[in-house]
Structures are given as C-alpha cells and as structure tokens.
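# Per-entry structural report
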Amino acid sequence: MATTPGAGTTTGDYTVTTNKILTIAAGTTTSTGTVTITAVDNDVDGPNKSVTVSGTASGGGVGHPASQTLTITDDDVTPTGITLTVDD
C-alpha cells in the first residue's frame, strides 16, 4: 500500500500507519489487516487536499487493486476581514 499526495498536498497533511502490508488469504476477498490514514489538523484555512491510495498484488495471478483518491476536508474557519494598525 502506498500513498501519493495530490496537488497542493504534502505528506505533512496526513499520517499513515507503519504497517502498509495487507494479506488476503487464498479463497477470500478481504484482508484482516488495517491501514489507517489520518488527516493532520492545523489552524490554517485552505482548500481541501487529496491523497491517492494504491496497492500492488503479488502471487496467485491476482491483478493489482484500483487506486482510490481520498479527500481531506479543510475544517478551518475562513477569515472574515483583515485589520491593519498603523503606529506613529
């Protein structure tokens, strides 16, 4: 399992669990493993970000799984105005 940051996204915008290998036993279609991707919260208003999750398969003649793109939704409040102060 690998992650690729989308446009305007950096690897600092999210974290990924260290175990990135999922095993699917013969004759099944699901894994008992878990990979967790967590958005990093900040106080900076900005656009939503994205990360693409992809994987590869090996053995058993299984094809590679399709990549999936996740959206990291910005939850910070947009500033409503700017105040400038001039000191003499």
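That block above? That's the structure.
Anyway, here's the lowdown on the structure attached to this text. (Residues numbered from 1 in each chain as written. Predicted model: local features only at pLDDT ≥ 70, side-chain atom pairs only at ≥ 80, totals over all residues. Heavy atoms only, no water.)

What follows concerns the overall build of the chain. For the chain, the count of helices and strands is 0 helices and 5 strands. Listed N to C, the secondary structure of the chain is β-β-β-β-β in terms of helices and strands. Computed over its C-alpha atoms, the radius of gyration of the chain comes to 20 Å, more than 25% above the 12 Å expected for a compact globule of 88 residues. Seen through its C-alpha atoms, the chain measures out along the principal axes to roughly 75 × 20 × 15 Å. Classification of the 88 residues of the chain by burial places 9% in the buried group. Across the chain, the fraction of contacts at a sequence separation of at least 24, relative to all contacts at a separation of at least 6, is 48%. (Helix = DSSP H or I, 4+ residues; strand = E, 2+ residues; numbered from the N terminus. Rg over C-alpha atoms; globule rule 2.2 N^0.38 Å. Buried < 20%, exposed > 50% of the residue type's maximum accessible area, 1.4 Å probe, protein only. Contact = heavy atoms within 4.5 Å.)

What follows concerns the sheet that holds strand 1 (residues 2-5). Taken in spatial order, the 3 strands line up as 1-4-5 in an open sheet, and their pairing is antiparallel. Edge positions in the sheet fall to strand 1 and strand 5 (68-72), since each of these pairs with one other strand and no more. Within the sheet, the average angular offset between the axes of one strand and its neighbour, ignoring direction, is 30°. Relative to strand 4 (residues 49-54), strand 1 is paired through 4 bridges, and the arrangement is antiparallel. In the sheet register, Ala2 faces strand 4, and the bridge partner there is Ser54. (Pairing = 2+ DSSP bridges. Axes fitted to C-alpha atoms, helices over the stretch in contact; angles between N-to-C directions.)

Taken together, the 5 bridges between strand 4 and strand 5 define a ladder with antiparallel strand orientation. Residue Lys49 lies in a different strand from strand 5, and its bridge partner there is Ile72.

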